[in-house]
Amino acid sequence: MSEAVHASAPATALPATAPPPATVAFPGDPAYDEATRVYNLAGPARPAAAVTATSAAEVQAAIGYAAARGQGVRVHTTGHSAGAAPEMTGAVLIRPVLRGGVEIDVGRRRAHIPAGTPWNEVVHAAAPHGLAAPHGTSGTVGAVGYLLHGGVSLYGRKVGLAANHVTAIELVTAEGRLRRVSLTQDPELFWALRGGGGGLGVVTAVELALFPAADLVTGAAFWSWTHAAAVVEAWYDWTLRAPEEVSTSLRVMNLPDLPMIPPMLKGGPVVCVAGVALGAAHARELLAPLRAVGEPVLDTWQDAGPETVPEVHMDPDEPGTFIGDHFLLSELGRDGIAAFLRTTGTGSGTGTSTGTGTGTGSDSPLIVAELRQLGGRMAVADPSGGALNHFEERFAYMGAGVPELRGTPAEIIEHCDRMRAALAPWDTGRTAPGFVKGLDRPRGHLSEADILAVERVRARVDPEGLFRGDAMPETVASALAAHSQEQS
Ligand SMILES: Cc1cc2nc3c(=O)[nH]c(=O)nc-3n(C[C@H](O)[C@H](O)[C@H](O)COP(=O)(O)OP(=O)(O)OC[C@H]3O[C@@H](n4cnc5c(N)ncnc54)[C@H](O)[C@@H]3O)c2cc1C
């Protein structure tokens, strides 16, 4: 990262009457459509103006344009989180897609990642050097947006929360200054950026620590519904003694009849265990008891390089309307696991000696209901980490439906609520910010003290609240409530 980044002068504020920079596009312009495109069509982006910025200077010009007109600034890249983003009415949306590509410093095991880069590009740049990055299940998710939200990685139990691997962040702040922050350069802002709820500036690049990923085994195994209860029990028992070298998800999937879906996964719910093992022996320990339950209908677990990992979860790459829910769970026990499985469907089910009764899955409009394993290094607080640097919870629950494929939005939400009620005894009330699916869904990941600490940073770097619309609504609401209590 160049010294110039430290020393960059603030952008000159434009007079309110000055013509907009050429990059600013308005509704009706194809460049506006391009800049406002979102992955999750449940949250369409309709700002007053939109900019695709390909350099820090273009970001600065866009901020200057918005500031001069008293308009708020919003930021997105892929729109994967669009369903949970507040409306953008009246704002200027900046979509930073910076030029330059991913640079790998092999000796220092560092990646320099320009904003707008999807994880696939980071993974493919690092893999030839035997290095891996702490990405999640989808290669099309933007690396910067994911990292600012903490990042629950497919390597997470071994390497901890992804944001803890960020070693520096370059951003343009509200005053239009291009800055680099790190543990030694404005550590408070660096802390707040990593999981603090957003709305602190436009990040133009991150520097990320990579790690070696030798002896890697990864994949997904799917079983027919007949084996669901036994697979889920075997997986859950394994989680109680799982080594941190293995990170997995368990999903009940009720997939639509689409050409890209393998035929054996259609026609009814399947249960899937997917993930990453760093060590063949660890993979065998996970997979042997599962495979003993019954023959998977599809099993892609194999020795592989890190470039394979973003494919294994088979997350959809194409935009769609994704409506769902998420919350973090404490230790589920057999009762919790049974409640999860039962509520993925409501049929009479098969049941087992241990009470893990299963429904047929057929009544649920959800395409997927997932338990993501947490724990391992993800449960260990990192003293040099950001505002969000670990999770004490045991599992993240996610469920989602797609009204174009099954169920109305109301039916999907109703089923989400049913799942929420079924898992209420284990719901910790906390969420992982990146997984929150809707604006109306309960959420929260910071303590009141941390919210206030983030607000103090915000007041310093953005006193006029230019970026406030981009901050997660619950952090803003809590900060305002705490502030008014302090005043009274
Ligand atoms: C299919 C799918 C799979 C996923 N898998 C995982 C997973 O395994 N683990 C996990 O932790 N999360 C996962 N997520 C959640 C994902 O990490 C979040 O949705 C994340 O916010 C996406 O970032 P983005 O930039 O792609 O999205 P966007 O919607 O473009 O951005 C989300 C928010 O990030 C902020 N932001 C983005 N770029 C910038 C920038 N340059 N400067 C300042 N702010 C910025 C903005 O506040 C913006 O509103 C997944 C999401 C999907 C849809």
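Scroll up to find the structure this text is about.
Here is what the cut-offs are and how they apply
Residues numbered from 1 in each chain as written. Predicted model: local features only at pLDDT ≥ 70, side-chain atom pairs only at ≥ 80, totals over all residues. Heavy atoms only, no water. 1 Å grid on protein atoms, 1.4 Å probe; cavity = no way out; pocket = protein on both sides within 12 Å on 5 of 7 lines; lining within 4 Å. Points joined across faces, edges and corners; volume = space filled by probe spheres on them. Nonpolar A, V, L, I, M, F, W, Y, C, P; charged D, E, K, R; others polar. Pairing = 2+ DSSP bridges. Helix = DSSP H or I, 4+ residues; strand = E, 2+ residues; numbered from the N terminus. Contact = heavy atoms within 4.5 Å. Axes fitted to C-alpha atoms, helices over the stretch in contact; angles between N-to-C directions. Buried < 20%, exposed > 50% of the residue type's maximum accessible area, 1.4 Å probe, protein only. Near = heavy atom within 4 Å. Polar contact = N/O pair within 3.5 Å; in protein donor to acceptor, adjacent residues only side chain to side chain. Parallel < 35°, antiparallel > 145°, perpendicular 65-115°, else oblique. Left-handed = near helix turned anticlockwise from the far one by under 90°.

Asks: Run through the layout of surface pockets, naming residues and quoting values.
Replies: In this structure, the second largest pocket occupies an estimated 370 Å³ of space. Lining the second largest pocket are 19 residues, and of these R37, T77, T78, R95 and T140 lie nearest its centre. Residue classes in the lining of the second largest pocket are distributed as seven nonpolar, seven polar and five charged.

Asks: Tell me about the sheet that holds strand β4 (residues 92–96), and please be specific about residues and values.
Replies: One open sheet holds the four strands; their spatial order is β1-β2-β4-β3, and the pairing between them is mixed. With partners counted over all chains shown, the strands left at the sheet margins are β1 (24–25) and β3 (73–75), one partner each. Relative to strand β2 (residues 49–53), β1 runs antiparallel, the two sharing two bridges. Across the sheet, residue A25 finds its bridge partner in β2, namely A50. Its contacts with the sheet put helix α3 (residues 56–68) on β1, β2, β3 and β4, and the angle it makes with β4 is roughly 175°.

Asks: Help me get a handle on unusual backbone geometry, residues and values and all.
Replies: Positive phi, close to 50°, is recorded for D186, a residue that is not glycine. Checked against the element boundaries, D186 lands in the loop between β9 (178–182) and α7 (187–193). By relative accessible area, D186 is classed as buried at 12%.

Asks: Account for the site of the ligand, with residues named and values stated.
Replies: Taken together, 31 residues surround the ligand, and among them T77, T78, S81, G142 and V152 come closest. The separation between an oxygen atom of the ligand and a polar side-chain atom of T78 is 2.4 Å. Measuring from an oxygen atom of the ligand, one finds a side-chain N or O atom of S81 at 2.7 Å. Those elements that provide at least two residues to the shell around the ligand are α5 (143–148) and β10 (202–209).

Asks: An account of the pairing of strand β14 (residues 270–278) is requested, with residue identities and associated values reported.
Replies: With nine of nine residues buried, β14 lies mostly within the body of the structure. Here eight bridges tie strand β13 (residues 246–253) to β14, and the two strands are oriented antiparallel to one another. Paired with V252 across the two strands is V271, which belongs to β14.

Asks: Tell me what's going on with the packing of helix α8 (residues 228–239) against helix α9 (residues 280–293), and back it up with residues and numbers.
Replies: Orientation of α8 relative to α9, taken along the N-to-C sense of each, is 160°, at an axis distance of 9 Å. Considering their axes alone, α8 and α9 lie roughly antiparallel with respect to each other. Judged by the twist between their axes, the crossing of α8 over α9 is right-handed. Across the interface between the two elements, A230, V231, A234, W235 and W238 of α8 pack against E285, L286, P289, L290 and V293 of α9. Considering only residue class, the contact of α8 with α9 consists of nine nonpolar, no polar and one charged.

Asks: So what about the sheet that holds strand β8 (residues 166–172)? Which residues, and what values?
Replies: Spatial ordering of the open sheet is given by β5-β6-β10-β8-β9, a layout of five strands whose pairing is antiparallel. One side of each edge strand has no neighbouring strand; the edge strands of this open sheet are β5 (103–105) and β9. When strand polarity is set aside, the average angle formed by the axes of neighbouring strands in this sheet is 15°.

Fair warning: the whole summary comes from geometry, so function is off the table for now.
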